[in-house]
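This is what each chain is made of:
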Amino acid sequence: MEKTLRQSLTFFATLALLSGCAAPTVNLATSDPIKVDIAMRLDVYQYGQKTDQAAGAAAPASTTTDPKIRRDNRMADIQDFKNNRLIGEGKDGLLVIQEAATEETPDRRDYVRIAVVEENADRMAQMKADAEKDKVSLPEVQSRTAELWRNRSFKNEWIEVPTAKGEWKWIQKEG
Amino acid sequence: MRRWLRVVLIFLGVIVVVLGAAIFLAARHLSTLAEWALERAMPGVTASVQSASVTLPSQLNFQNLVLKSRTSGETLLTLNGGSANFDFSGLRHRQIREIRLVEPVISLSPRFGEAFLPPSSRAPEAPGATVGRPWSVGQLVCDYGILRVLQFGANDLALQAKFACDFQNFSPTGAPEAEHELVLWDLSASKGASPNFLTLDLVRATFKFASLLEKQTISKISLEGGTLIVGQSLRELFAPAPTTSPGPSKASPPWMVQTLDIAQVNVRIDDERPEITDITFALNTTLQKIPLSQTASALGAEDQIVEITNLDILSPHDPLTKVLTLEHIYFHFTLAGIIKRQIADLTLKGPTIHVGPDLFWYMENIQKRLGISSAPTDASDPTGRGWTIERLFVAEGKVVIGSGGRRKYGIPLEFYTKAQDVALDNLAALKLEAALEIPPEHYVFDSYQVEFTSEKGGTLKFSYPPEKGEKNLVGDITLTKIRWRQYQASDAFVSVTFSKEGINGLFGGSLYRGKAGGGFSFFFDAASPWIGWLYGNAIDLRRLTDIVSPQNFRMTGPITFTLQMDAQGKTFERILGKIKIPQPGKLTITKLDAFLDDLPPRWTMLKRDSTRIALETLRDFEYDSGTGNFWFVRSQGIFRLQLQGPQGLRSFDVVLHSDDSPQGQWKKRSANP
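Treat the numbers as computed from the prediction; the structure is a model and nothing was measured.

Criteria and thresholds
- Residues numbered from 1 in each chain as written.
- Chains lettered and ligands numbered in written order.
- Predicted model: local features only at pLDDT ≥ 70, side-chain atom pairs only at ≥ 80, totals over all residues.
- Helix = DSSP H or I, 4+ residues; strand = E, 2+ residues; numbered from the N terminus.
- Buried ≥ 20, exposed ≤ 12 C-beta atoms within 10 Å, placed from the backbone.
- Contact = placed C-beta atoms within 7 Å.
- Nonpolar A, V, L, I, M, F, W, Y, C, P; charged D, E, K, R; others polar.
- Pairing = 2+ DSSP bridges.
- pLDDT = per-residue confidence, 0-100.
- Axes fitted to C-alpha atoms, helices over the stretch in contact; angles between N-to-C directions.
- Expected span 1.5 Å × (residues − 1).
- Bend = angle between axes of the 7 residues up to and from the residue.
- Core = buried A, V, L, I, M, F, W, Y, C linked by C-beta atoms within 7 Å.

With that out of the way, let us pick up the overall build of chain B. Looking only at helices and strands, one finds twelve helices and 35 strands in chain B. Here chain B, with 673 residues, has 28% of them falling under the buried criterion. A sequence separation of at least 24 residues applies to 53% of the contacts in chain B between residues at least 6 apart.

Structural data, given as structure tokens:
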């Protein structure tokens with residue numbers, strides 16, 4: 001009993017002693033400001049666009065019958081491939097898959113391959129139609145189409161160019 | 001008495017016999033008599049008549065008459081046939097009532113006039129020549145004849161025409177001076193065997209016989225319709241005569257025309273260059289006192305002004321494609337000058353240069369021909385010289401850009417120039433030494449939403465430096481202000497080079513406290529493809545974002561960017577670029593203020609406050625630097641921006657979709673690293 005009383009007195013004496021002291025300061029600030037990294041993606045859909053290609057844009061590239069619409073629908077992917085140096089413009093007016101594509105995942109490689117095959121098929125159909133319309137040979141149309149693609153390529157995109165020796169080589173276009 | 005009577009009868013009988021014999025002989029030798037009579041009538045000639053006959057009572061018919069000069073023996077006139085009506089009393093007075101030429105074919109010598117000259121004014125007579133008073137003709141009629149002048153003079157000039165005449169009181173001398181009119185049609189002139197240099201539909205020559213013979217002067221010549229080809233033949237015809245012979249000149253004094261009326265005679269410049277050969281204009285003019293001599297200088301120095309409208313010079317490869325259109329051309333020249341290929345003044349008003357591959361093919365063709373013609377030539381040969389223009393003035397010139405197809409893009413630039421002593425060969429090769437000047441003006445390209453103001457103007461220059469192997473047209477213009485859509489630059493310049501492959505341009509200027517510039521290449525193709533590139537350095541982002549999106553966001557600090565674009569006509573196919581923000585600035589997404597003001601009141605306090613804190617964190621961000629890149633294909637693509645600041649990293653990917661189709665792997669990917 002006495003022991004219990006002594007413990008209680010000690011507790012209250014300690015409590016009274018502590019209550020007479022100032023409260024301790026807890027510093028929550030940091031020496032550097034708080035950094036918040038924010039990454040956000042904003043998807044903007046333009047439903048009001050009524051351009052030539054928009055008419056067929058809703059249709060999947062592979063299902064529409066108009067090669068021009070198919071090519072329009074495919075343009076962004078083709079540009080994405082070019083930006084990543086996966087494909088280049090060849091000497092015959094067709095796209096050629098570049099070595100960098102081998103470093104992609106198998107799914108991505110397949111996607112690139114199919115897109116290039118389909119794009120080349122549509123390009124070839126267009127060039128045959130041009131040859132028929134202009135009454136010139138297909139190789140001539142291919143040659144001038146390739147030249148136009150070379151001229152229109154952006155800096156660092158792959159293009160196949162003629163050399164002084166009459167051969168062809170792949171280079172990244174200079175600015 | 002009887003004896004005398006018998007003598008008289010015998011005498012009369014003899015006379016009758018003699019007369020009969022004479023008449024018989026005369027009838028048998030009528031052509032000889034005709035020759036004798038003609039030689040009496042025209043003392044300067046010797047005549048030969050193949051056959052002659054008399055139709056009673058007073059008509060003499062003849063065939064194949066030839067008159068030759070008594071002095072030189074030159075054939076002056078050949079006549080297939082004709083008739084002369086006379087009466088005996090008239091013959092006594094050396095008068096023929098009428099000469100009628102029936103469908104004659106006259107081969108005429110230019111010395112034909114000598115046949116009619118009175119003794120005092122013609123060449124010295126041959127010894128023993130018989131002379132007498134010339135005959136007069138009451139009427140000389142020809143309803144339809146053919147006139148040929150062959151081997152005229154040293155230049156072997158040949159003329160052919162059909163003619164008709166009705167000369168009254170046709171008398172070389174003695175009779176009162178009367179004006180006669182000779183009508184010719186279907187006239188053609190050539191030099192030797194060369195093609196005709198002149199064809200005329202109708203010619204009316206009015207003359208007095210005395211003036212014609214004594215002064216070699218024709219009162220008036222009217223030319224209506226036809227074609228004059230100013231070319232080799234004409235130049236040789238009027239070239240100065242060679243001075244190899246020191247002897248006395250036998251040249252006749254120059255023939256003069258008091259009045260030469262020319263109406264609707266098309267003049268064609270035959271220059272062996274198709275585009276110049278095609279230059280044809282109608283000549284309508286009246287010239288006074290024109291000497292028709294062998295020298296160009298004698299042609300007369302009267303000023304002539306000719307206007308040509310809507311002249312098109314066409315592509316050597318495509319007759320439907322124009323390379324040069326000349327709306328109004330004013331030539332100021334003299335006949336003597338034009339023969340010598342000299343034009344005093346040439347004013348081109350409203351010319352249009354159609355810039356395209358055909359223009360440069362045309363220039364190449366010209367260049368090749370000039371290369372051929374630049375071989376050493378005899379300086380004394382005027383045919384080897386090119387055309388020269390003493391003073392050239394070009395005003396209100398336009399440039400039209402043509403692609404490979406039929407599509408044309410007009411550039412609202414006007415150019416003008418003044419030049420002196422320009423060789424037309426150079427003009428044809430578009431190699432003017434003086435550049436075409438672009439005047440200071442405010443230009444608006446509505447369809448491209450571009451306008452610019454030039455206070456200094458510029459130049460447009462065709463450049464053909466053979467040492468560089470370049471063939472192009474260079475336009476430079478200094479711009480005070482330039483605006484594209486809502487973006488405005490100042491202190492700008494544009495330099496454009498037109499070549500066979502396309503059009504290349506460079507431009508630059510001040511833009512929002514920084515510098516911007518770029519270039520473009522326009523390729524000649526049916527679809528009008530072109531590429532462009534643009535750079536900006538230290539551009540004030542605040543002013544830029546206030547224009548781009550004034551209600552949505554604002555950034556501050558300088559920005560540097562590069563941008564490439566690939567387009568067809570007015571449609572941008574592809575855009576690719578990079579940006580860099582090298583110095584501190586602040587991003588404020590002002591659009592978020594509207595969200596903050598409109599937070600739903602039904603939300604709990606905790607939700608409202610946490611949303612507010614999140615949006616404010618997003619709205620205001622101070623950065624030290626930033627980078628970004630973007631690419632767009634037509635109306636879709638990705639814009640990526642990373643801002644690095646004391647408060648962390650802000651990474652924005654804005655993906656622009658043209659539709660909500662899930663197709664396209666690019667949509668699942670972020671922007672390029």
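From this point, the discussion proceeds with the structure in view.
In this section: the overall build of chain A. The secondary structure content of chain A amounts to four helices and five strands. Counting from the amino terminus, chain A carries its helices and strands in the arrangement α-β-α-β-β-α-α-β-β. Across the 175 residues in chain A, those meeting the buried criterion constitute 23%.

Listed per partner, the contact involves 34 residues of chain A and 39 residues of chain B. Mapped by element, the contributors of at least two residues to the side of chain A that touches chain B are β1 (38-45), α2 (67-83) and α4 (138-152) of chain A. It is β1(A) that provides the largest number of residues to the side of chain A that touches chain B, a total of eight residues. Tallied by class, the residues present in the side of chain A that touches chain B amount to 18 nonpolar, eight polar and eight charged.

Once that is clear, we can look at the pairing of strand β27 (residues 529-540) of chain B. All names here are of chain B. Relative to β27, strand β26 (residues 514-523) runs antiparallel, the two being bridged by eight bridges. From the neighbouring strand, Gly519 faces β27, where its bridge partner is Trp533. With antiparallel pairing between neighbouring strands as the criterion, β26 and β27 make up a hairpin whose turn holds five residues, including Ser528 at a positive phi of roughly 55°. The pairing of β27 with strand β29 (residues 558-568) spans ten bridges and is classified as antiparallel. Bridging across to β29, Tyr535 finds its partner in Thr562.

So, about the sheet that holds strand β28 (residues 554-555) of chain B. All names here are of chain B. With antiparallel pairing, three strands are arranged side by side in an open sheet as β28-β31-β32. With partners counted over all chains shown, the strands left at the sheet margins are β28 and β32 (620-623), one partner each. Of the strand pairs in this sheet, β28 and strand β31 (residues 585-588) are connected by two bridges, and their pairing is antiparallel. What sits directly across from Met555, in β31, is Leu587.

On to the confidence of the model for chain A, then. Residues with a pLDDT of 70 or more make up 78% of chain A, whose mean pLDDT is 82. With pLDDT under 50 throughout, residues 50-60 of chain A is counted as low confidence; its partners more than four residues away or in other chains account for 19 contacts.

This part covers the sheet that holds strand β2 (residues 87-89) of chain A. Residues and elements named next belong to chain A. The strand order across the open sheet built from four strands is β3-β2-β4-β5, with neighbouring strands paired in mixed fashion. Whereas interior strands pair on both sides, the edge strands pair on one side only; in this sheet they are β3 (95-97) and β5 (168-172). Ignoring strand direction, the axes of neighbouring strands in this sheet form an average angle of 35°. Bridge analysis of strand β4 (residues 158-162) against β5 gives five bridges, and the strand direction is antiparallel. The residue bridging Val161 from the neighbouring strand is Lys169, located in β5.

Another aspect to go through is α2(A). All names here are of chain A. Look at α2: 23 Å from first C-alpha to last across 17 residues, which is about the 24 Å you get at 1.5 Å a residue. At Met75, α2 shows its strongest bend, of approximately 45°. With 14 of its 17 residues buried, α2 lies for the most part within the structure. Once α2 finishes, Arg85 follows within two positions and takes phi at roughly 60°, a positive value.

Take the environment of A:Asp43 next. In this fold, A:Asp43 is placed in strand β1. Judged by the 11 C-beta atoms lying within 10 Å of it, A:Asp43 is exposed.

In this section: the nonpolar core. All names here are of chain B. Among the nonpolar cores identified, the biggest contains 50 residues, and Val355, Leu359, Leu479, Ala492, Val494, Ile539 and Ile559 are the most heavily contacted of them. Among the elements that take part in this core, strand β24 (residues 487-499) stands out by supplying five residues, more than any other. Setting aside its immediate chain neighbours within four residues, Leu479 contacts Phe452, Thr453, Ser454, Ala492, Phe493, Val494 and Gly509. Membership of the second largest hydrophobic core comes to 21 residues, among which are Leu184, Ala189, Leu213 and Ile218.

Looking now at the confidence of the model for chain B. Residues and elements named next belong to chain B. For chain B, the mean per-residue pLDDT works out to 75, and 75% of the residues sit at or above 70. Of the regions scoring below 50 in pLDDT, residues 294-300 engages in 24 contacts with residues more than four places distant in sequence or in other chains. Counting contacts from residues 426-434, a segment whose pLDDT is below 50, to residues more than four positions away or on other chains yields 24 contacts. If you check the scores for this complex, the pTM reads 0.55 and the ipTM reads 0.76.

Another point: the environment of B:Ser222. Residue and element names in this part refer to chain B. Locating Ser222 in the fold gives a position in strand β11 (residues 217-230). Among the residues examined, Ser222 registers 17 C-beta atoms within 10 Å and is labelled partly exposed. For the pair Ser222 and Leu260, spaced 38 residues apart in sequence, the C-alpha to C-alpha distance is 5.9 Å. Here Ser222 is in contact with Val203, Arg204 and Asp261, once residues within four sequence places are set aside.

For the rest of this paragraph, the subject is unusual backbone geometry. Although it is not a glycine, A:Arg85 sits at a positive phi angle of roughly 60°. Structurally, A:Arg85 can be placed in the loop between α2 and β2. Of note in this structure, B:Arg513 is not a glycine but carries a positive phi near 70°. By secondary structure assignment, the location of B:Arg513 is in the loop between β25 (502-511) and β26.

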